[in-house]
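So you can see what is in the structure, the chains are spelled out below.
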Amino acid sequence: MTALAFADPVFDSQAVFRRIMRAMAVPGTIFPCGEALAPPAPLAPAAAAALLTLADFETPLWIAPSFAAASGGAVAAYLTFHTGAPLAPSPQTAAFALIDLEADGLRLERFAQGSAEYPDRSTTVVAQGAALGEGSLWRLAGPGVAGEAELRAAPLPPDFLAQWAANRGGFPLGVDMILAAGTQLACLPRSVAISGETR
Amino acid sequence: MPIADPVAQRATNDTAIAARKRAMALLARALTPEMAEPVGRLWPTCDARDLKPVESGLVMLRGRIGGDGAPFNVGEATVTRAVVELPTGERGYAHVLGRDAARARLAAIVDALWQKPEARADVEAAILAPVAARVAAEKAKTRAETAATRVDFFTLVRGEDGA
């Protein structure tokens, strides 16, 4: 049985889009998202909501091996059926990527970084994790953050700070991240600076 | 070990696709009563589930003048799309001109039923055959009406002899 997507595709996806835009504008703030969705396991409702809203027939979608292997490819079938997005053969060619932080790990440099002429042609990584609001503490600064903001997210890799510094070093190139856990979502645009625990 | 013949395989796929295309093309032209009555009589409990809400939208129609003209956008047409799934897993799709949601949904249900091997003969006999006959009759009538207004031009003197 194919799982259903938004009950009202136009208004529901507009509501999620508005929330993602807000989350990108205030990096690190956690927003509720995708409460009404029941996507096939192991896809989290917030990650499903983000991809159902953002992906379409023009945006190649790369799905990490852990999702491709789980429940007979149900996640890939669900997302391609409801969005019409083609599957990207590699992370380099993807407009959107879906990864599981625990099972797939995180390698930001594997994704498309955009080009000097078109920095917008980089991958937006939808990273599904175990929890937002708990785990290691990250301090955020930069556009959209008044002073300093805190974000707790798990499980990010131990070298996440170095990876993010490299990602930010290439500005205006670089990937943007949408962290999703359960029905919660927070964004890390490429403009944000992250430091680890200082106290 | 049997060796799959790719050419034969492709040929079977092509015939299957052509048959489905023909059925879906007829269903796009079928009217609500032509589908509702047989579906209610033969499959009253088909329990089709909407995979996507039935929705109306616009599609851009493209055309070309003559067989070799450059393609251009003629204009937009309103279409209604429906996608349903039967409990047994068959997925039916329908695109219907206009904004009749019930008609698009019925057409999608019939498309799904048509994919069931045990139901296909009934769908063909009770729904597709009458629709095909009506569509052919309407086409023939339009042709006859148009043919009656036909004017043949004869060129008697083309004038290139000069003088």
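Structural notes, computed from the coordinates. (Residues numbered from 1 in each chain as written. Chains lettered and ligands numbered in written order. Predicted model: local features only at pLDDT ≥ 70, side-chain atom pairs only at ≥ 80, totals over all residues.)

The next point concerns the overall build of chain B. Secondary structure assignment for chain B yields four helices and three strands. Each helix and strand of chain B, placed in order from N terminus to C terminus, yields the pattern α-α-β-β-β-α-α. Compactness check: chain B gives a C-alpha radius of gyration of 22 Å against a globular reference of 15 Å for 163 residues, more than 25% above the reference. If one aligns the C-alpha atoms of chain B with their principal axes, the spans along those axes are about 80 × 50 × 30 Å. With 163 residues in all, chain B has 20% of them scored as buried. Taking all contacts inside chain B whose residues are at least 6 apart in sequence as the whole, residues at least 24 apart take part in 54%. (Helix = DSSP H or I, 4+ residues; strand = E, 2+ residues; numbered from the N terminus. Rg over C-alpha atoms; globule rule 2.2 N^0.38 Å. Buried ≥ 20, exposed ≤ 12 C-beta atoms within 10 Å, placed from the backbone. Contact = placed C-beta atoms within 7 Å.)

Turning our attention to the overall build of chain A. A count of helical and extended segments in chain A gives six helices and nine strands. Taken over C-alpha atoms, the radius of gyration comes to 16 Å for chain A, in line with the 16 Å a tight globule of 199 residues would show. The principal-axis extents of the C-alpha atoms in chain A amount to approximately 50 × 35 × 30 Å. Per-residue burial for chain A yields a buried fraction of 41% across its 199 residues. Considering only intrachain contacts with a sequence separation of at least 6, the fraction spanning at least 24 residues in chain A is 70%.

This next bit is on the sheet that holds strand S9 (residues 193–195) of chain A. All names here are of chain A. With antiparallel pairing, three strands are arranged side by side in an open sheet as S6-S5-S9. Where the open sheet ends on each side, the last strands, each with one partner, are strand S6 (149–154) and S9. Recorded for the sheet is a direction-independent mean angle of 50° between the axes of neighbouring strands. Examined bridge by bridge, strand S5 (residues 131–141) and S9 share three bridges and lie antiparallel to one another. Among the inter-strand pairings, Arg 139 is bridged to a residue of S9, identified as Ser 195. (Pairing = 2+ DSSP bridges. Axes fitted to C-alpha atoms, helices over the stretch in contact; angles between N-to-C directions.)

Hydrogen bonds between backbone groups are what pair the strands of a sheet, and the pairing can be parallel or antiparallel. Residues and elements named next belong to chain B. With antiparallel pairing, three strands are arranged side by side in an open sheet as S1-S2-S3. Where the open sheet ends on each side, the last strands, each with one partner, are strand S1 (49–63) and strand S3 (91–97). When strand polarity is set aside, the average angle formed by the axes of neighbouring strands in this sheet is 25°. As defined by bridge partners, strand S2 (residues 72–85) adjoins S3 across seven bridges and the pair is classed as antiparallel.

Let us now look at the pairing of S2(B). All names here are of chain B. In the sheet, S1 pairs with S2 via twelve bridges, with the strands oriented antiparallel. By the bridge assignment for S2, Leu 61 is matched with Gly 75. Taken together, S2 and the strand that follows it, S3, pair antiparallel across an intervening segment of five residues, in which Gly 89 is found at a positive phi of about 105°.

This part takes up helix H1 (residues 9–25) of chain A. Look at H1(A): 24 Å from first C-alpha to last across 17 residues, which is about the 24 Å you get at 1.5 Å a residue. On its buried side, H1(A) packs onto strand S1 (31–32), helix H2 (45–54), strand S7 (176–181) and strand S8 (184–188) of chain A. (Expected span 1.5 Å × (residues − 1).)

Let's shift gears to unusual backbone geometry. Outside of glycine, negative phi angles account for most residues, and trans bonds account for most peptide bonds. Along the chain, Ala41(A) connects to Pro42(A) via a cis peptide bond; the corresponding omega equals 5°. Mapping Pro42(A) onto the fold places it in the loop between S1 and H2. In this model, Ala154(A) is joined to Pro155(A) through a cis peptide bond whose omega is -5°. With respect to the helices and strands, Pro155(A) occurs in the loop between S6 and helix H6 (160–169). Positive phi values are uncommon outside glycine, yet Asp47(B) reaches one of about 50°. Considering the arrangement of structural elements, one finds Asp47(B) in the loop between helix H2 (32–42) and S1.

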